[in-house]
Amino acid sequence: MSESKQIELVCPAGGLPALRSAVDHGADCVYVGFRDETNARNFAGLNFDDAGLTEGIRYAHRAGARVFVALNTYPQSANWARWTRAVDRAADLGVDAVIMADPALMAYARRTHPRLRIHLSVQGSATNHEAINFYHEHFGIQRAVLPRVLALPQIRHVVANTPVQIEVFGFGGLCVMVEGRCALSAYATGVSPNCDGACSPAKAVRWEQTPRGMEVRLNTVLVDRFDTGERAGYPTLCKGRYDVDGHTYYAFEDPASLNALELLPELLQAGVRAVKIEGRQRSPAYVAEVTRVWRKAIDACLSDGASFRPAAASMSALAQLSEGQTHTLGAYDRPWK
Amino acid sequence: MSSFQLALGPLAYYWPRARTLAFYESAAQAPLDVIYVGETICSRRHELRANDWLALADDLASSGKQIVLSSQVLLESEPDVKAMRRLAENGRFLVEANDMGAVRLMQHRVPFVAGASLNLFNEQSLSLLGQLGAVRWVVPAEMSAEDLAAVQAARAANMQTELLVYGRLPLAYSARCFTARHFKLQKDACEFRCIEFDDGLRLRTRDGDAFLVLNGIQTLSDRVLNLVAELPALSELGIDVLRISPQANGTLRVVQLFRDVIDGTLALGQAAEAVGELAPGETCNGFWHGQSGMAQVLA
């Protein structure tokens, strides 16, 4: 198997049990975050302290897997040192890569820890090869994670025009907006994905049974209202139903999560080097199941090549993990184009 | 407060050609120092094509104002990148880089403006962009006064700071077109319906509160940022350029109100009220005060 035919499976872990699940079920890499706003899944009860990460790295390395740390939010001047300390911690603990968005933080990492591998986070909003090559020239990034907005031909074009490895999302929650360029949560709640590492935070959610139905608000904003028997989803702002010109509908996107499993041969063919599974907030059982299915599919795809079709059992296993939501190929396929 | 420059930000909406040209003809006469032109939202829009924007820039330059070409925020395809390259290599006008790809095409070669979507949240990143040739930066919409003060204290003397002080807040960009979606149209066959909404397509919550505005692939706040009452604080922070973002109506009157306050001929309270009356929605200033962006904090 030539190197260009490799595709890594990058799985999420919000804690040690999920990390072990991912490693045990065949993840090539696991990505994690520290317990603060230095990463984009800054949720209560989630993430790693130094002891946990030390153990996680030991566990992963022993199994031949790698650990990436997401430091992918934007530091402000007043708290800059918290991010640089996080870079130092990650380097000192021996992580295999850091995933970053802030240019100066990348410069710091390169200067201070020249052997530390840098990946450009999806939060860096790099959707074209010129932007990716900018980060490569200045900070020596070795991989870029593409925002979930590009179609397959566009991904092919990016891969062909950069020396940087390309990682794309394969499964999980779907940002409708370009990551790093969305302030909807900050606008409605004051909690910013870019700076605080959280979107539509749980602390701002209010459920209320009313005569009109079950209403859910984020801060003061009514995100949706559900009739009895309707599945009430989490009130992420871009997933709500709103009124536009007298019509009430999902104004941004129908609720659906991403499943690009059937595109694996095309992603491989395009030269994509890694597929990322979203969901550091998910349970160890979820991580185990998604990792297992994707591992099997990647191995099958590597041996079957273009004739690969995902097994029906794989698709139904993934469908069951999505809490009744439907699946979409998202921007890769662009049904709305 | 006479040290402020007043800038007209790029037109986010899609207006018919004649209206756009008429708007800029008036803008040329308005008490502005800087005018940003160009299509920043969608490459399908064609009432003015790249060459038309350049010709407009040429016309406007004779007004003596500084003319800046703004680049598209979301660059997806090779034609998008090519268009940006032409802009970066225009050879005459300063360019506002709204993507790091645009920065790459201008770095160490020509001076440029670092746009708000570059997410410069700290002085270290600002300084880095300065070394590459940025001569001005536009503060991210969600940045608070407190965070900005820290950056201002450390920024290089030759780096100008520009802050959005009036207009709907640009909140999000997507590959999807929400205006086309509203009309159940494919993006590639959108019939350019966004041209029907000169102030964007209003989105309300199910209990009727005006919340957001859809403008093609862009989502804006429904509430209108109004920082006129903060002008003394902005002066103290050393903000150099105040950006007024074009709305369908009253934009140049808002420019005049800001100018009058800067010139000391209009009291802050009166100006705040007058600007509020011209705004196409309720006003807000929450981001500036470190709160949710939609909040209106009383002065």
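Every value quoted in this text rests on a predicted model; they were computed, and no experiment measured them.

## Concerning the sheet that holds strand S9 (residues 205-210) of chain A
Think of a sheet as strands paired side by side through backbone hydrogen bonds, with each pair either parallel or antiparallel.
Residues and elements named next belong to chain A.
No. 1: Ordered by their spatial adjacency, three strands build an open sheet running S9-S10-S11, and the pairing between neighbours is antiparallel. Either end of the sheet is taken by a strand with one partner, and the two such strands are S9 and strand S11 (221-226). Each neighbouring strand pair of the sheet contributes to a mean axis angle of 25 degrees, computed without reference to strand direction.
No. 2: Pairing analysis gives six bridges linking S9 to strand S10 (residues 213-218), with the strands arranged antiparallel. Each bridged residue has a counterpart across the sheet, and for Thr210 the counterpart in S10 is Gly213.

## Quick notes on the packing of helix H1 (residues 16-24) of chain A against helix H2 (residues 50-62) of chain A
Residues and elements named next belong to chain A.
No. 1: Where H1 meets H2, the closest approach of the two axes is 10 Å, and the angle between their N-to-C directions is 10 degrees. One finds that H1 runs roughly parallel with respect to H2. For the pair H1 and H2, the contacting residues are Leu16, Leu19, Arg20 and Val23 in the first and Gly52, Glu55, Gly56, Tyr59 and Ala60 in the second.
No. 2: In terms of residue class, the contact of H1 with H2 is made up of five nonpolar, two polar and two charged.

## Some details on the domain arrangement of chain A
No. 1: Looking at the assigned domains, one finds that chain A contains domain 1 (3-174 + 256-332) and domain 2 (184-250).
No. 2: Taking the mean C-alpha position of each, domain 1 of chain A and domain 2 of chain A sit 27 Å from one another.

## What about H1(A)?
No. 1: Within the sequence span of H1(A), burial applies to A:Ala18, A:Leu19, A:Arg20, A:Ser21, A:Ala22 and A:Val23.
No. 2: Looking at the buried side of H1(A), the elements it contacts are strand S1 (8-12), strand S2 (29-32), H2 and helix H10 (284-304) of chain A.

## Quick notes on the pairing of strand S4 (residues 94-97) of chain B
Residue and element names in this part refer to chain B.
No. 1: Note: strand S3 (residues 66-70) against S4, three bridges, orientation parallel. Across the sheet, residue Leu69 finds its bridge partner in S4, namely Val95.
No. 2: For the crossover that starts at S3, traverses helix H3 (residues 78-88) and ends in the parallel S4, the hand is right-handed.
No. 3: Relative to strand S5 (residues 112-114), S4 runs parallel, the two sharing three bridges. Bridge pairing in S5 places Val95 opposite Phe112.
No. 4: For the handedness criterion, the β-α-β arrangement of S4, helix H4 (residues 100-106) and S5 is classed as right-handed.

## Here's the deal with the pairing of strand S2 (residues 34-37) of chain B
Residue and element names in this part refer to chain B.
No. 1: Of the two faces of S2, both are covered, the one formed by Val34 and Tyr36 as well as the one formed by Ile35 and Val37.
No. 2: By the bridge criterion, two bridges tie strand S1 (residues 5-8) to S2 in an arrangement that is parallel. Within S2, the residue paired with Ala7 across the bridge is Val34.
No. 3: Between the parallel elements S1 and S2, the chain passes through helix H1 (residues 17-29) in a crossover that is right-handed.
No. 4: Two elements, S2 and S3, share four bridges in a ladder whose sense is parallel. From the neighbouring strand, Tyr36 faces S3, where its bridge partner is Val68.
No. 5: Handedness of the crossover joining S2 and S3 through helix H2 (residues 50-61) is recorded here as right-handed.

## So, the interface of chain B and chain A
How big an interface is tends to be reported as the loss of accessible area on association of its parts.
No. 1: Contacts between the two partners involve 54 residues from chain B and, on the opposite side, 53 residues from chain A.
No. 2: When its residues are assigned to classes, the side of chain B that touches chain A shows 23 nonpolar, 16 polar and 15 charged.

## Remarks on the nonpolar core
The nonpolar side chains of soluble globular proteins are, as a tendency, buried together.
No. 1: Ranked by size, the top nonpolar core spans 225 residues in total, and within it A:Val30, A:Leu71, A:Val98, B:Val95 and B:Val228 carry the most contacts.
No. 2: Residue-level mapping places this core at the junction of two domains, with at least three residues from each of domain 1 (3-174 + 256-332) and domain 2 (184-250) of chain A.
No. 3: When residues no more than four places from it in sequence are discounted, the contact partners of A:Leu71 are A:Thr38, A:Asn39, A:Trp83, A:Ala86, A:Val87, A:Ala90, A:Val98, A:Ile99, A:Met100 and A:Leu105.

## Structural notes on helix H3 (residues 80-93) of chain A
Residue and element names in this part refer to chain A.
No. 1: For H3, spanning 14 residues, the distance from its first C-alpha to its last is 20 Å, which sits close to the expected 20 Å at 1.5 Å a residue.
No. 2: For H3, the full list of buried residues reads Trp80, Trp83, Ala86, Val87 and Ala90. For H3, the angular spread of the buried residues around the axis is 130 degrees, confining them to a single face. Across from the buried face of H3, at angles greater than 90 degrees, the exposed residues are Ala81, Arg85 and Asp92.
No. 3: Looking one or two residues beyond H3, the residue adopting positive phi is Gly94, at roughly 85 degrees.

Conventions used here
- Residues numbered from 1 in each chain as written.
- Chains lettered and ligands numbered in written order.
- Predicted model: local features only at pLDDT ≥ 70, side-chain atom pairs only at ≥ 80, totals over all residues.
- Pairing = 2+ DSSP bridges.
- Helix = DSSP H or I, 4+ residues; strand = E, 2+ residues; numbered from the N terminus.
- Axes fitted to C-alpha atoms, helices over the stretch in contact; angles between N-to-C directions.
- Parallel < 35°, antiparallel > 145°, perpendicular 65-115°, else oblique.
- Contact = placed C-beta atoms within 7 Å.
- Nonpolar A, V, L, I, M, F, W, Y, C, P; charged D, E, K, R; others polar.
- Domains from an automatic or database assignment.
- Buried ≥ 20, exposed ≤ 12 C-beta atoms within 10 Å, placed from the backbone.
- Right-handed = clockwise from strand over helix to strand, strands pointing away.
- Core = buried A, V, L, I, M, F, W, Y, C linked by C-beta atoms within 7 Å.
- Expected span 1.5 Å × (residues − 1).
- Arc of directions from axis to C-beta.

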